[in-house]
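If you want the building blocks of each chain, they are given just below.
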Amino acid sequence: MMRFISFSSGSCGNCSLLLGPHSGLVIDAGVGIRRVKKELENVGLGYDALSAILITHDHGDHIRSLGSFCKRLTLPVWTTPVLHDALAHHPFTAEWIGPCRQQLQAGVWTPVTVDFDVRYFVVPHDATQCIGLAIRCGEELFVLMTDMGHVTPEALHWASEATTVVVESNYDMDMLVGGDYPQELKDRISHGIGHLSNNACADAITHFWHPGLKNLFLCHLSGNNNTPELAYASALDALKSLGVEPGTVALRVLRRGIASPLLVL
């Protein structure tokens, strides 16, 4: 059995926890450690539930509090060699990351805790490097793919085998185009190395959905160019277009700055 809680998802900060029978994986560290402690206490957990940290990329909303996690908890931090080199020089992490450094290797499953094996795949985003994660626990496969300008064949491959998928649904195209962002920022978001739109997310769902998919969580929604209702409706329409019976897949939006319940996957 796996359980999952999102502490926050979006440019305001990204951090979540995946729990197995005996260990827990923190995914990204863009939320303050005191806030994480409070949310853990709200569901009857403490720091002892945290066994390791996975980092997807080196943007501040994903690593803002990683230095504090390393200083306070000295948990192993798993990511790619490229990202570790970037973290070793980043002002948020340079002072504390060294003793916590653990490297994921390309193309193989890496055992990161007693419960979890991890493989990564690179996704297009304007960071030093950005990775999606395939996390295996027994017969369950949890796949997270966020901060990606477009969906790659490798991302679709892993999602099409997963029991739980967390996928970015960042912006509504009409809201972005009609909004007050500078054109340069609109282009950065929408031109292939930024973020995934609701429509692109919905299209991906039609390609990776399979009968074994149990949970579908939408993440990293924009606070200016999207709403939870629009993202949810877009994904739901994609499932309906496939003839998926209502309730077959647990569809949920992970909110900005608001913790989810502790979800049994």
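Just so you know, these numbers come straight off a predicted model, no measurement behind them. (Residues numbered from 1 in each chain as written. Predicted model: local features only at pLDDT ≥ 70, side-chain atom pairs only at ≥ 80, totals over all residues. Heavy atoms only, no water.)

**Concerning empty space enclosed by the protein**
A full pass over the atoms with the stated rule returns 1 cavity of 30 Å³ or more. Taken as a whole, the largest cavity holds about 120 Å³ of empty space. In this structure, the largest cavity is lined by 15 residues; those nearest its centre are S9, N14, C15, S16 and L144. Listing elements by their share of the lining of the largest cavity, those giving two or more residues are β1 (3-8) and β2 (15-19). Ranked by residue count, the leading element in the lining of the largest cavity is β1, at 3 residues. Of the residues contributing to the lining of the largest cavity, the split by class is 7 nonpolar, 7 polar and 1 charged. (1 Å grid on protein atoms, 1.4 Å probe; cavity = no way out; pocket = protein on both sides within 12 Å on 5 of 7 lines; lining within 4 Å. Points joined across faces, edges and corners; volume = space filled by probe spheres on them. Helix = DSSP H or I, 4+ residues; strand = E, 2+ residues; numbered from the N terminus. Nonpolar A, V, L, I, M, F, W, Y, C, P; charged D, E, K, R; others polar.)

**What to know about the pattern of salt bridges**
For the coordinates displayed, the defined rule picks out 5 salt bridges. Where E140 meets K214, a salt bridge forms, and the shortest distance between an N and an O atom there is 3.1 Å. A residue pair is termed long-range when its members are at least 10 positions apart, and E140 in strand β10 (residues 140-145) and K214 in the loop between α8 (198-208) and β12 (215-219) qualify at 74 residues. Classification of E140 as buried rests on a relative accessible area of 18%. (Salt bridge = Lys/Arg side-chain N within 4 Å of Asp/Glu carboxyl O. Buried < 20%, exposed > 50% of the residue type's maximum accessible area, 1.4 Å probe, protein only.)

**Let's talk about the environment of D85**
In this structure, D85 sits in helix α4 (residues 81-87). D85 sits in the partly exposed class, given a relative accessible area of 41%. Residues D85 and I97 lie 12 residues apart in sequence; the distance between their C-alpha atoms is 10 Å. Among the polar contacts made by the side chain of D85, one reaches the side chain of R101 at a distance of 2.9 Å. (Polar contact = N/O pair within 3.5 Å; in protein donor to acceptor, adjacent residues only side chain to side chain.)

**Thoughts on the pairing of strand β11 (residues 164-168)**
Counted residue by residue, β11 has 5 buried out of 5 residues, so it is predominantly covered. Residues T164, V166 and E168 point to one face of β11 and V165 and V167 to the other, with burial holding for every one of them. With respect to chirality, the unit in which β10 leads through helix α5 (residues 153-159) into the neighbouring parallel β11 is right-handed. Two elements, β11 and β12, share 5 bridges in a ladder whose sense is parallel. Counted as the bridge partner of V167 is L218 from β12. (Right-handed = clockwise from strand over helix to strand, strands pointing away. Pairing = 2+ DSSP bridges.)

**Details of the sheet that holds strand β13 (residues 250-253)**
As summarised here, the arrangement of the 7 strands in space is β7-β8-β9-β10-β11-β12-β13, forming an open sheet in which the pairing is mixed. Every interior strand has two partners, whereas the edge strands, β7 (110-111) and β13, have only one. The pairing of strand β8 (residues 117-122) with strand β9 (residues 131-137) spans 6 bridges and is classified as antiparallel. Across the sheet, R119 pairs through a bridge with A134, a residue of β9. Lying on the sheet, helix α9 (residues 228-241) is in contact with β12 and β13; it crosses β13 at an angle near 155 degrees. (Contact = heavy atoms within 4.5 Å. Axes fitted to C-alpha atoms, helices over the stretch in contact; angles between N-to-C directions.)

**Section: the sheet that holds β2**
Taken together, the 7 strands give an open sheet; going across it, the order is β6-β5-β4-β3-β2-β1-β14, and neighbouring strands pair in mixed fashion. Edge positions in the sheet fall to β6 (101-103) and β14 (263-264), since each has one partner strand and no second. Two elements, strand β4 (residues 52-54) and strand β5 (residues 77-79), share 2 bridges in a ladder whose sense is parallel. Its bridge partner lying in β5, L54 is registered against W78. Contacting β1 and β2, helix α1 (residues 33-42) crosses the sheet at an angle of about 140 degrees to β1.

All we've got here are geometric facts, nothing functional implied.
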